[in-house]
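Here is what each chain is made of, one letter per residue.
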Amino acid sequence: MIAFRKQSDKLKNLFKQLLQSKNLTSTLNELEAPSAFLIKSHLDYNIHLIREKVEGKKIRIASKSVRNISVIKYVTKRLGDTCSGVMAYHPREALFLLQNGIRDVLLGYPCYHPEDCESLIRDYNEKVTFMVDTLEHVELLDSIGVAYGKKVRICLDIDMSIDIGNFRFGVFRSSLMNIDSFTDLLEKILSFNSVRIVGIMGYEAQVAGIPDLLYNGAKNLIISLLKKRSMRKIISFRKKVCEILQHKGVDLEFFNAGGTGSIDSSKKEEWVTEITVGSGFYDSYLFDFYKNLPVKPSLFFNLLIVRKPRHDIATLHGGGYVASGAIGLEKVPAPIDEKVGLLSNELAGEVQTPIKLLSDKHSYKIGDRVIFRHAKAGELCEHFNHVYLLDQEYKPLHKWKTYRGEGQIFV
Ligand SMILES: Cc1ncc(COP(=O)(O)O)c(C=O)c1O
């Protein structure tokens with residue numbers, strides 16, 4: 001069995017351009033194999049498109065979907081005033097970002113790492129906001145605040161999932177599932193002296209993180225109905241939270257919502273001040289399956305053909321960069337050439353990936369490169385030390401270190 005990927009006409013044309021470019025072929029031949037590359041014009045296009053799309057809301061860059069400090073800085077600069085800062089995923093990462101000049105970091109996930117929290121509070125208290133959803137998180141931060149005589153900035157994560165019987169449409173993250181649990185924690189937080197609430201995050205994972213068009217017709221329809229249904233809770237929960245905070249005299253600096261996949265709905269709520277966006281800048285494979293998201297793939301990797309065990313099969317070195325989360329074929333890297341498919345018996349292998357060559361016309365030979373996209377955006381950077389930024393002519397402009405290349409691993 002062979003797993004081929006269908007592409008939209010728009011993508012087909014875009015990839016055809018890449019596959020037929022002699023410049024790109026010669027650039028890749030000069031790079032180490034495997035290697036990752038980022039097409040600057042596509043990245044610029046995505047930054048511009050996303051900035052327009054949020055229609056006046058601020059954008060917070062999801063670092064987990066970028067994992068490269070040079071790219072984060074590049075996007076921050078081009079977003080200008082539209083950028084509210086970065087959403088980080090580990091306190092040591094937050095420290096790394098702040099040490100590298102990022103001015104506003106929101107930890108998108110709670111930290112229970114006392115020493116790392118302490119370093120952040122001691123050195124960067126006014127530039128960092130911690131995520132909380134339970135008393136233990138608050139107690140830890142408050143105790144560090146007391147020790148350093150500081151008021152620690154916190155953000156409450158409210159859960160946007162819906163439960164239908166035993167089925168949860170959404171994720172298991174925050175314990176603040178409803179107004180009662182929110183108010184209960186809020187009352188407790190207000191009795192602490194060394195923390196202050198500056199933000200709320202309501203991330204609608206089931207809208208932003210589930211593609212609209214990935215599955216067969218019936219499943220897509222069910223997803224679309226569930227997304228619509230969850231919007232009712234999302235809007236009313238977020239609105240009510242704002243009203244309660246206003247009533248309690250808590251002035252928020254920001255209300256964070258969404259992700260790349262939910263920009264269209266998140267921006268409609270007047271109380272939402274900023275939308276988190278990460279994946280949209282690289283436009284990884286899974287983002288081909290969202291409605292009304294015309295971003296361009298900008299990040300790719302390429303593998304070297306080292307064997308041809310049969311005239312219609314080529315074997316590549318490396319390639320097993322499978323995305324995290326629930327297991328499925330959609331998590332496997334996607335070749336950009338439609339005439340190339342993975343073998344379902346082997347898929348993307350640990351150090352060897354065989355591909356089926358559908359067309360004899362485009363006869364790949366030993367020594368050639370094959371271009372792929374990762375299913376998710378930032379995860380690819382865990383496999384490479386660098387990302388090559390390519391200019392309009394696909395010539396390397398910069399060799400930008402990934403987090404891994406900086407010797408930094410945060411997950
Ligand atoms: C808290 C939070 N906000 C936003 C996002 C959206 O990021 P992206 O734009 O990369 O989909 C994520 C992704 O998982 C997230 O965990």
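Residues numbered from 1 in each chain as written. Predicted model: local features only at pLDDT ≥ 70, side-chain atom pairs only at ≥ 80, totals over all residues. Heavy atoms only, no water.

Caption draft 1: Quick look at the sheet that holds strand S11 (residues 254–257). Spatially, S3-S4-S5-S6-S7-S10-S11-S12 is the arrangement adopted by the eight strands of the closed barrel, whose pairing is parallel. If you compare each strand with its neighbour and ignore which way they point, the axes differ by 30 degrees on average. The sheet contact formed by strand S4 (residues 83–88) and strand S5 (residues 105–107) spans three bridges and is parallel. From the neighbouring strand, Met-87 faces S5, where its bridge partner is Leu-106. (Pairing = 2+ DSSP bridges. Helix = DSSP H or I, 4+ residues; strand = E, 2+ residues; numbered from the N terminus. Axes fitted to C-alpha atoms, helices over the stretch in contact; angles between N-to-C directions.)

Caption draft 2: Layout of the nonpolar core. Within the largest apolar cluster, 108 residues are counted, with the highest numbers of intra-cluster contacts made by Phe-130, Ile-154, Leu-156, Phe-182 and Phe-281. The element contributing the most residues to this core is helix H10 (residues 217–247), with seven residues. Looking at which domains feed residues into this core, each of domain 1 (2–39 + 294–401) and domain 2 (89–277) supplies at least three. Once residues lying within four places of it in the same chain are set aside, the contact partners of Phe-182 are Leu-156, Ile-158, Leu-176, Ile-200, Phe-237, Val-241, Ile-244 and Leu-245. (Core = buried A, V, L, I, M, F, W, Y, C linked by side-chain atoms within 4.5 Å. Buried < 20%, exposed > 50% of the residue type's maximum accessible area, 1.4 Å probe, protein only. Domains from an automatic or database assignment. Contact = heavy atoms within 4.5 Å.)

Caption draft 3: A look at the site of the ligand. Taken together, 16 residues lie around the ligand, and Ser-65, Tyr-109, Thr-260, Gly-278 and Ser-279 are the ones closest in. Take Ser-65: an N or O atom from its side chain is 2.5 Å from an oxygen atom of the ligand. Between the ligand and Thr-260, the relevant distance is 2.6 Å, taken from an oxygen atom to a side-chain nitrogen or oxygen of the residue. When the ligand sits alone it has 390 Å² of accessible area, and the protein chains cover 95% of it. Per-class residue counts for the shell around the ligand are seven nonpolar, seven polar and two charged. (Near = heavy atom within 4 Å. Polar contact = N/O pair within 3.5 Å; in protein donor to acceptor, adjacent residues only side chain to side chain. Areas by Shrake-Rupley, 256 points an atom, 1.4 Å probe, with all protein chains shown as cover. Nonpolar A, V, L, I, M, F, W, Y, C, P; charged D, E, K, R; others polar.)

Caption draft 4: Quick look at the domain arrangement of the protein. Split by domain assignment, the protein resolves into domain 1 (2–39 + 294–401) and domain 2 (89–277). Here the C-alpha centroids of domain 1 and domain 2 sit 35 Å apart.

Caption draft 5: Representation of the side chain of His-374 in the model. Here His-374 lies in the loop between strand S18 (369–373) and strand S19 (386–390). A distance of 3.2 Å separates a polar atom in the side chain of His-374 from the backbone oxygen of Tyr-321. In this structure, His-374 is in contact with Ser-284, Tyr-285, Phe-301, Tyr-321, Val-322, Ala-323, Glu-379 and Leu-380, ignoring residues within four places of it in sequence.

Caption draft 6: Just the layout of surface pockets, in detail. When its volume is computed, the second largest pocket comes out at roughly 460 Å³. Listing elements by their share of the lining of the second largest pocket, those giving two or more residues are H10 and helix H11 (263–266). Looking at the lining of the second largest pocket element by element, the count peaks at five residues for H10. Along the lines of polarity and charge, the residues of the lining of the second largest pocket split into six nonpolar, six polar and eight charged. (1 Å grid on protein atoms, 1.4 Å probe; cavity = no way out; pocket = protein on both sides within 12 Å on 5 of 7 lines; lining within 4 Å. Points joined across faces, edges and corners; volume = space filled by probe spheres on them.)

Caption draft 7: Expanded view of the confidence of the model for the protein. Averaged over the protein, the pLDDT score is 96; the fraction of residues at 70 or greater is 98%. At the low end of the mean pLDDT range in the protein sits strand S1 (residues 2–3), at 62; at the high end sits strand S3 (residues 58–62), at 99. (pLDDT = per-residue confidence, 0-100.)

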